[in-house]
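Inside the fold
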Amino acid sequence: MARERPAALVVALALVLAATATVSAMVHSSNPTSLPNALSVAGDAESTAVYCTGLSAAGGGAAGVVSFLNTQPHARTLSVTVVSDTGRRVTRRLTVAAASTARVAPSSWLGGHSYGLEAVVDGGGVVAEEVGAGASALAPCVAGGVTSWYASGFDTKVGSSAVLSFFNPTATPAVIDVTTYSSTGYAAPAPFQGFAVGPHDQVEINLGAQVVNTDNVGVGVSVVRGAVAVLGVQRSGAVTSFMTGSASPSTLAWFPQVTTAAAARAEIRLTNPSSQPADVTVAVSLGSFHVVPRTVTVAARATGLVTITPNPAIPAAGFASLRVHSSQPVVAALATGSAAGLSLSAPIGPRREFLVSDFSGRGFATATLTNVGARPLAVALRTLATPGSTATTTSATVPGGATVALRTLFAGLGPLHDRSFFVSAPRPALVATLTLPGRPAGVVVVAPLDGR
């Protein structure tokens, strides 16, 4: 009997292990539909982290700073590590006062060509933004890596360049496959397959090295091991922009503030990574004008575009609000600019909360809120609390399907220069859109941080 009991225990243990292995094999990691950012982290968290990538040395075309904003009424201490593509790294401590900002210029900390940055915070409520030189290219830093990433609209033609910057925020190596798409189809260049990023390392790949002299290049990044933070850096003529991308293709996208100004260019650039053609319709709302929806069919695993301006069917009459609908999930991007070059921006999905902050120091030319739903949407605007004072909240309502300027909706808001505040709604039907001052008007579109 004594021998039978151990044998029975061994059999039982083996069955438990086998069942555990079966369950583990059935569970697969899933990529979130949206890219993570630090605004989603609770202010009372014991510790948080933010990750940035894509800034370059002064001669690299994407020089700039990382701007940290502490949205809490208490000071936060950060342990900031800057790494370069040469493998060098340096760590320093940084204190950010309540409701204040602090900036780090990675290229002033150590040598290299391109940089990644990670900051560990002794609590929640600290967000970060990458601000390019001249404050015309901005991108939110993220709170973690992703396992897939898509973007559209890159340009590798002569006079332009496009790179993908990767930062591995984990302690294990990451392995990446990159697929490219163009009007002639898709490719999986051998140098872009099995691409490795070491633990807490930053590396870049030059799309133009394999996709030569091509306009409107789409990319799909699949992380086959680990997770990475990704940022696209587009240099088009004299214009640099940061492409934040999307975690997955979608059948719907909104671009509520698209310029139609004279001498401006505005295009919706599309990538169809599916195996079926995508019939895409772009509904255009422009003041009192009736604009026939623009349509295009994008071949399977290829790219296409819809020109908004200059377009004889669309008047030069301020800002248009666009809704993109596709029969197949696609990746959309907005390309805006002039003869000097184009700037890329990813669509902003509807959320419950956004942070509007003047990270550039230039203020905003326009700042709007869009209700993508059919019902009226109650919106609250909340200022940041400071030591000795509490946050103030103001409420307003955005009609169904409407786009309204922030300063119209909240009449007492005042100038948007050097300001930070939250806007929120009870359901995820809100889209915030920001443009920076520039000429032609509205060609520099920047992403607010959202409360995913």
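Before reading on, note that the structure itself is shown above.
None of these values were measured; they are calculated from a predicted model.

About the thresholds
- Residues numbered from 1 in each chain as written.
- Predicted model: local features only at pLDDT ≥ 70, side-chain atom pairs only at ≥ 80, totals over all residues.
- Heavy atoms only, no water.
- Helix = DSSP H or I, 4+ residues; strand = E, 2+ residues; numbered from the N terminus.
- Buried < 20%, exposed > 50% of the residue type's maximum accessible area, 1.4 Å probe, protein only.
- Contact = heavy atoms within 4.5 Å.
- Areas by Shrake-Rupley, 256 points an atom, 1.4 Å probe, with all protein chains shown as cover.
- Pairing = 2+ DSSP bridges.
- Disulfide = S-S within 2.5 Å.
- Salt bridge = Lys/Arg side-chain N within 4 Å of Asp/Glu carboxyl O.

Looking at the overall build of the protein chain
Within the protein chain, the regular secondary structure consists of three helices and 34 strands. By the burial criterion, 52% of the 452 residues in the protein chain qualify as buried. Looking at the protein chain alone, contacts between residues at least 24 apart form 79% of all its contacts between residues at least 6 apart. As presented, the protein chain carries roughly 18,600 Å² of accessible surface, and 56% of it is formed by carbon and sulfur atoms.

Things to note about the sheet that holds strand E30 (residues 403–405)
Judged by pairing direction, the sheet is antiparallel, and its four strands sit side by side in the order E30-E27-E32-E33 without closing on themselves. Looking at which strands have only one partner, the edges of the open sheet turn out to be E30 and strand E33 (445–446). Pairing between strand E27 (residues 366–371) and strand E32 (residues 430–435): six bridges, direction antiparallel. Residue pairing across strands places Thr-370 opposite Val-431, the latter belonging to E32.

Describing the pairing of strand E15 (residues 217–225)
Pairing of strand E9 (residues 148–154) with E15 involves five bridges; the strand directions are antiparallel. From the neighbouring strand, Ala-151 faces E15, where its bridge partner is Val-219. Taken together, the seven bridges between strand E11 (residues 174–182) and E15 define a ladder with antiparallel strand orientation. Paired with Thr-179 across the strands is Gly-220, a residue of E15.

Examining the side chain of Thr-81
If you trace the backbone, Thr-81 turns up in strand E3 (residues 76–84). Overall, Thr-81 belongs to the buried group, its relative accessible area being 11%. Residue contacts for Thr-81: discarding those within four places in its chain leaves Arg-89, Val-90, Thr-91, Gly-116, Leu-117 and Glu-118.

Notes on unusual backbone geometry
Here the bond from Thr-309 into Pro-310 is cis, since omega is 0°, no more than 30 degrees from zero. Among the structural elements, Pro-310 can be located in the loop between strand E23 (302–309) and strand E24 (319–338). Here Arg-439 and Pro-440 are connected by a cis peptide whose omega angle stands at -5°. In this fold, Pro-440 is placed in the loop between E32 and E33.

Looking at the environment of Leu-369
Among the structural elements, Leu-369 can be located in strand E27. Residue classification places Leu-369 among the buried residues on the basis of a relative accessible area of 0%. Between the C-alpha atom of Leu-369 and that of Ala-402, which follows or precedes it by 33 residues, the distance is 8.3 Å. Once residues within four sequence positions are removed from consideration, Leu-369 is found in contact with Val-379, Val-398, Ala-402, Thr-403, Val-404, Leu-406, Leu-409, Phe-410, Val-423, Leu-430, Val-431 and Ala-432.

Comments concerning the state of the cysteines
The tally for this structure, following the rule as stated, stands at one disulfide. Between the sulfur atoms of Cys-52 and its disulfide partner Cys-141 the distance amounts to 2.1 Å. Its S-S torsion of about 110° marks the bond between Cys-52 and Cys-141 as right-handed, since a negative value means left-handed. Here Cys-52, found in strand E1 (residues 48–56), pairs with Cys-141, found in the loop between strand E8 (138–140) and E9; they are 89 residues apart in sequence, far enough to count as distant. Residue classification places Cys-52 among the buried residues on the basis of a relative accessible area of 3%. Relative accessible area serves as the criterion here: at 2%, Cys-141 is assigned to the buried category.

Description of the pattern of salt bridges
Taken as a whole and assessed by the stated rule, the structure comprises five salt bridges. Among the ionic pairs, Glu-267 bridges to Arg-269, the shortest N-O distance being 2.9 Å. Exposure class is identical for Glu-267 and Arg-269. Each is buried. Connected through salt bridges with shared partners, the residues Asp-215, Arg-265, Glu-267 and Arg-269 form a single ionic network.

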